[in-house]
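Descriptive analysis of the structure
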Amino acid sequence: MKGEQAGGGQALSCHDKHGTDTPDMAENRRLPFLVRRDGVWLYRGSEIKRKAMSCLFGSLLTRNAQGAYLLRTPFESGLIEVEDVPFLAVELDWSGIGRTQRLSFRTNMDEVVVADAEHPIRTLWDIPPEACPEGCPPYLNVRAGEGAYPLEARLSRPVWYELAALAEPGACQGVPCMGVWSCGCFFPIARMAVDSGGA
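Attention here is on the structure that accompanies the text. Here the structure is a predicted model, which means the values were calculated and not measured.

All right, on to the overall build of the chain then. On a plain count of helices and strands, the chain comes out with 3 helices and 17 strands. Burial analysis of the chain (199 residues in total) assigns 44% to the buried set.

Glancing now at helix 2 (residues 51–59). Turning to helix 2, its buried residues are Met53, Ser54, Phe57 and Gly58. One side of helix 2 carries all its buried residues, which in axial view fall inside an arc of 140°.

This brings us to the sheet that holds strand 6 (residues 61–63). By way of backbone hydrogen bonds, the strands of a sheet pair with one another, either parallel or antiparallel. Taken in spatial order, the 6 strands make up an open sheet running 5-4-3-8-7-6, and their pairing is mixed. Every interior strand has two partners, whereas the edge strands, strand 5 (46–47) and strand 6, have only one. Looking at chain direction, strand 4 (residues 41–43) and strand 5 are connected through 2 bridges and run antiparallel. Paired with Tyr43 across the bridge in strand 5 is Ser46.

Attention now goes to the packing of aromatic side chains. Throughout the structure, instances matching the rule amount to 6 aromatic pairs. Considering the side-chain rings of Phe33 and Trp41, the 6.2 Å spacing of their centres and the 75° angle between planes classify their relative orientation as edge-to-face. Clustering of aromatic rings is evident, with ring pairs tying together Phe33, Trp41, Tyr43 and Phe57. Above the face of the Tyr139 ring, Arg122 is positioned so that its terminal group lies 4.6 Å from the ring centre.

This paragraph deals with the pattern of salt bridges. In a structure, side chains of opposite charge can pair up when their charged atoms sit close to one another. The tally for this structure, following the rule as stated, stands at 11 salt bridges. For Arg37, the salt bridge is made with Asp84, and the minimal N-O distance between the two is 3.0 Å. Of the two residues, Arg37 sits in the loop between strand 3 (30–35) and strand 4 while Asp84 sits in the loop between strand 8 (77–82) and strand 9 (87–95), which places them 47 residues apart along the sequence. Between Glu146 and Arg72 there is a salt bridge, and its shortest N-O distance comes to 2.7 Å. A residue pair is termed long-range when its members are at least 10 positions apart, and Glu146 in the loop between strand 13 (139–143) and strand 14 (151–155) and Arg72 in strand 7 (residues 69–72) qualify at 74 residues. Judged by its relative accessible area of 29%, Arg72 falls in the partly exposed class. Linked through salt bridges whose partners overlap, the residues forming this network are Lys51, Glu91, Arg106 and Asp110.

Moving on: the environment of Ser59. If you trace the backbone, Ser59 turns up in helix 2. The spatial distance from the C-alpha of Ser59 to the C-alpha of Glu111 is 9.2 Å, given a sequence separation of 52 residues. Polar side-chain contacts of Ser59 include one of 2.6 Å to the backbone oxygen of Leu56.

Turning to helix 3 (residues 157–165), its buried residues number three or more, namely Val159, Trp160 and Leu163. Taken around the axis of helix 3, the buried residues stretch over an arc of 105°, which confines them to a single face. Away from its buried face by more than 90 degrees, helix 3 exposes Pro158 and Ala165.

Cut-off values and rules
Residues numbered from 1 in each chain as written. Predicted model: local features only at pLDDT ≥ 70, side-chain atom pairs only at ≥ 80, totals over all residues. Heavy atoms only, no water. Helix = DSSP H or I, 4+ residues; strand = E, 2+ residues; numbered from the N terminus. Buried < 20%, exposed > 50% of the residue type's maximum accessible area, 1.4 Å probe, protein only. Arc of directions from axis to C-beta. Pairing = 2+ DSSP bridges. Phe/Tyr/Trp six-rings, centres within 6.5 Å; stacked < 30°, edge-to-face > 60°. Lys NZ or Arg CZ within 6 Å of the ring centre and 35° of its normal. Salt bridge = Lys/Arg side-chain N within 4 Å of Asp/Glu carboxyl O. Polar contact = N/O pair within 3.5 Å; in protein donor to acceptor, adjacent residues only side chain to side chain.

The following block contains the structure:
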């Protein structure tokens, strides 16, 4: 990877002249990467415009036991900054209906993830509307990290709207809600609307 160029012409180098990092070295080093909320990767403030390079770095990303984002390459490892989550879900395909429905998401890194028990859809669904005026976007578990914290993709607004169109009544922990099925799992996405009409 040495000699690859970022958008601003800066060389992307992940070569460590001292050899392979120890875990302690990786946990105490910060690499000059930033993943913006919109999913764009920056290196030393310059956008990485080659999608193949962003996809490569995305595939090497994990989270440590404390939840920090850790970029592990064969030569050098270190913590990087992520504004929200490292990935965006930019496309949704579905098949089947009800409990047999299968929701397949494509991320901005062209990784395909099917929502299921190991890749749940996470939402702040059981909150009043005024607590999140613009809505709280759903997140998809893309893969496990090195501890309890997974790497997630935030659903883009168009995908979020597509998902909402598939919602049906259900319940989560005994609470009525609207949600979606995928691979036999029910994922709540919003409170059940309350009928305000008088009797």
